[in-house]
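Each chain is listed here by its residues.
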Amino acid sequence: GYNIAVTFDSSVIEIMNAEEGPLPQSASDTTFFWWYNAGVKTNSVQVNGAVLGATVDGPGELVTLTFKAKTHGVVSTTDVIIAYSE
């Protein structure tokens, strides 16, 4: 299983979606994936997943996060930071 929290500047971008990556899916036919954005205007997203009956090992994507810029034209940059992972 895995538990990941990502933080970002919510005045610049907002989280639109989180999708299970190909790494867990390639390890097992039985996976569970869940993501949580604490609210529309928050600066974090939490992702949880589990792979049953197999081990996930090696390089690859656990999750793909999709963000949307909040302004048109020139957009300020912001860091997307992995706040914790386990």
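Residues numbered from 1 in each chain as written. Predicted model: local features only at pLDDT ≥ 70, side-chain atom pairs only at ≥ 80, totals over all residues. Heavy atoms only, no water.

1. What about the overall build of the protein?
Then, number 1: Assigned secondary structure in the protein consists of 1 helix and 6 strands.
Then, number 2: In the protein, the share of contacts with a sequence separation of at least 24, taken over all contacts with a separation of at least 6, comes to 72%.
Then, number 3: Surface accessibility of the protein: about 5,600 Å² in total, with carbon and sulfur atoms responsible for 52%. (Helix = DSSP H or I, 4+ residues; strand = E, 2+ residues; numbered from the N terminus. Contact = heavy atoms within 4.5 Å. Areas by Shrake-Rupley, 256 points an atom, 1.4 Å probe, with all protein chains shown as cover.)

2. Section: the nonpolar core
Then, number 1: Residues Tyr2, Ile4, Val6, Phe8, Val12, Ile13, Ile15, Val45 and Val47 constitute the largest nonpolar core, which totals 9 residues.
Then, number 2: Going through the elements one at a time, strand S1 (2–7), strand S2 (13–20) and strand S4 (44–51) are the ones with two or more residues in this core.
Then, number 3: Sequence-distant contacts of Tyr2, defined by excluding residues within four places in its chain, comprise Glu20, Pro24, Phe33, Val47, Asn48, Gly49, Ala50, Leu62 and Glu86. (Core = buried A, V, L, I, M, F, W, Y, C linked by side-chain atoms within 4.5 Å. Buried < 20%, exposed > 50% of the residue type's maximum accessible area, 1.4 Å probe, protein only.)

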